[in-house]
Amino acid sequence: MQVALDDYVWAAGIATELVNTAPEVWHGEDHLPDLASLVTFAELHGPDSLATLARQARPAGLRAVHGLRDTVRSLIDHPSRERLIAGAAALTSPIGGTTLVPGPANHTRWAVSLRPGATILDALSLICGIGVLGVVQTLGEKRFRSCGSPTCQGAFIDTTRPGRRRYCMPGLCGNRINVANHRARQAAARTR
Ligand SMILES: [Zn+2]
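Reading the values: the criteria
- Residues numbered from 1 in each chain as written.
- Predicted model: local features only at pLDDT ≥ 70, side-chain atom pairs only at ≥ 80, totals over all residues.
- Heavy atoms only, no water.
- Donors = N, O, S within 2.8 Å, 3.2 Å for Na, K, Ca; no water.
- Tetrahedral: all angles 85-135°; square planar, octahedral: opposite > 155°, others 65-115°.
- Helix = DSSP H or I, 4+ residues; strand = E, 2+ residues; numbered from the N terminus.
- Expected span 1.5 Å × (residues − 1).
- Buried < 20%, exposed > 50% of the residue type's maximum accessible area, 1.4 Å probe, protein only.
- Polar contact = N/O pair within 3.5 Å; in protein donor to acceptor, adjacent residues only side chain to side chain.
- Pairing = 2+ DSSP bridges.
- Contact = heavy atoms within 4.5 Å.
- Salt bridge = Lys/Arg side-chain N within 4 Å of Asp/Glu carboxyl O.

### A few points about the coordination of the zinc ion
Between any two of four tetrahedral donors, the ideal angle at the metal is 109.5 degrees; between two of six octahedral donors, it is 90 or 180 degrees.
Then comes step 1: Here the zinc ion is held by Cys-147 (SG), Cys-152 (SG), Cys-168 (SG) and Cys-173 (SG), and the distances to it run 2.2 to 2.4 Å.
Then comes step 2: Classification of the site at the zinc ion as tetrahedral follows from its 4 donor atoms and the range of 98 to 117° in their angles at the metal.
Then comes step 3: Here the donor residues of the zinc ion share one chain and are spaced in sequence as C-x4-C-x15-C-x4-C. Of this pair, Cys-147 sits in the loop between β4 (144-146) and β5 (155-157) while Cys-173 is found in helix α7 (residues 170-191), placing the two residues 26 residues apart along the sequence.

Here you go:
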C-alpha cells in the first residue's frame, strides 16, 4: 500500500474517522468493537489493500488499532506544533521506502510505501501520520479541534479550504445542536 504525500486530506479524513469510532464519542459504545468492524472501516475508507490488511488482523491487532486511535485523539486534543510533528513523525515508522506514483496528467507524486509484512496497524498508523504532518505543513495546527456540539465528545482535523468546519460528523453533530436548541425552546415555552 502507498500513501501519496500530497494526499493528506484523504489521510487526515481517515484519522478523523478513526478517532470518532471511540466509545467516548458514542456514550460508551465502541464503533470499532471487533475485527469485522475493522474490516468494514477499512473497506469504507481505504483502498483494497487496506481492507486486505484488516482481514488479516488478529484481536491483538484490533487492540493496537484502539491504541493508535487514542494516540491520534491525544494529538488532536493537544495541537502544539512541536507535539504534532513529533507525534505524527513517530506514526510514520512503518514506512518501507519512498517512491513516485502516477498522478494526474502524466505527473508523478511523492509517495511512501509500507514496509514488507506490514499490518493494518502499520497501515493506519502511516496514514494518520502523513495526514497530521500534511495538515500541519499546509494548513497549520489550528486545524486540530474538538467538536463544536456541546453534546458531542468527538474531535476532527479540518481540511476544508476556508477552515471553518465545526463538527466532527457534520451531518450528525450539526443536527444534534438543532435538536438540542429545539428542545430548549420547547422547554422554555412550557415554563412561560
Ligand atoms: Zn461531534
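### So, helix α6 (residues 120-138)
Then comes step 1: The end-to-end C-alpha distance of α6 is 27 Å, a good match for the 27 Å that 19 residues give at a rise of 1.5 Å each.
Then comes step 2: Here α6 lies mainly inside the structure; 15 of its 19 residues are buried.
Then comes step 3: You can read the cap of α6 off the contacts: a side-chain oxygen lies 3.3 Å from the backbone nitrogen of Leu-121, and it is on Thr-119.

### Some thoughts on the pairing of strand β2 (residues 95-102)
The side chains of a regular strand alternate, first on one face of the sheet and then on the other.
Then comes step 1: Here β2 runs beside strand β3 (residues 108-114); their pairing, made up of 7 bridges, is antiparallel. Note on β3: the bridge partner recorded for Thr-98 is Val-112.
Then comes step 2: Where β2 folds back on β3, the antiparallel hairpin that results is connected by 5 residues, among which Ala-105 adopts a positive phi of roughly 55°.

### Looking at the environment of Gln-153
Then comes step 1: Along the chain, Gln-153 falls in the loop between β4 and β5.
Then comes step 2: Along the sequence, Gln-153 and His-27 sit 126 residues apart, while their C-alpha atoms lie 8.8 Å from each other.
Then comes step 3: Dropping the residues within four chain positions of it, Gln-153 is found in contact with Glu-24, Val-25 and Arg-73.

### A word on unusual backbone geometry
Then comes step 1: Within the chain, Ala-105 stands out as a residue other than glycine whose phi angle is a positive 55°.
Then comes step 2: Considering the arrangement of structural elements, one finds Ala-105 in the loop between β2 and β3.
Then comes step 3: Residue classification places Ala-105 among the exposed positions, given a relative accessible area of 65%.
Then comes step 4: The phi torsion at Asn-106 lies on the positive side, around 65°, for a residue other than glycine.

### Examining the environment of Glu-43
Then comes step 1: Mapping Glu-43 onto the fold places it in helix α2 (residues 35-45).
Then comes step 2: Between the C-alpha atoms of Glu-43 and Ala-54, which are 11 residues apart in sequence, the distance is 8.7 Å.
Then comes step 3: Those residues in contact with Glu-43 that sit more than four places away from it in its chain are Ala-51 and Arg-55.

### Description of the pattern of salt bridges
One side chain can pair with another of opposite charge once the charged atoms of both are near each other.
Then comes step 1: Scanning the model with the defined rule gives 9 salt bridges in all.
Then comes step 2: The salt bridge partner of Asp-77 is Arg-73, with a shortest N-O separation of 2.9 Å. One end of the pair, Asp-77, and the other, Arg-73, are both in helix α4 (residues 59-77), 4 residues apart, so they sit about a helical turn from each other.
Then comes step 3: Accessibility expressed as a relative area gives 35% for Asp-77, which makes it partly exposed.
Then comes step 4: By relative accessible area, Arg-73 is classed as buried at 12%.
Then comes step 5: With a closest N to O distance of 2.6 Å, Arg-145 and Asp-158 form a salt bridge. Linking Arg-145 in strand β4 with Asp-158 in the loop between β5 and α7, this pair joins segments that are 13 residues apart in sequence.
Then comes step 6: Taking relative accessible area as the criterion, Arg-145 reaches 23% and is therefore assigned partly exposed.
Then comes step 7: Since its relative accessible area comes to 0%, Asp-158 is described here as buried.

Keep in mind that these numbers describe shape and distance, not what the molecule does.
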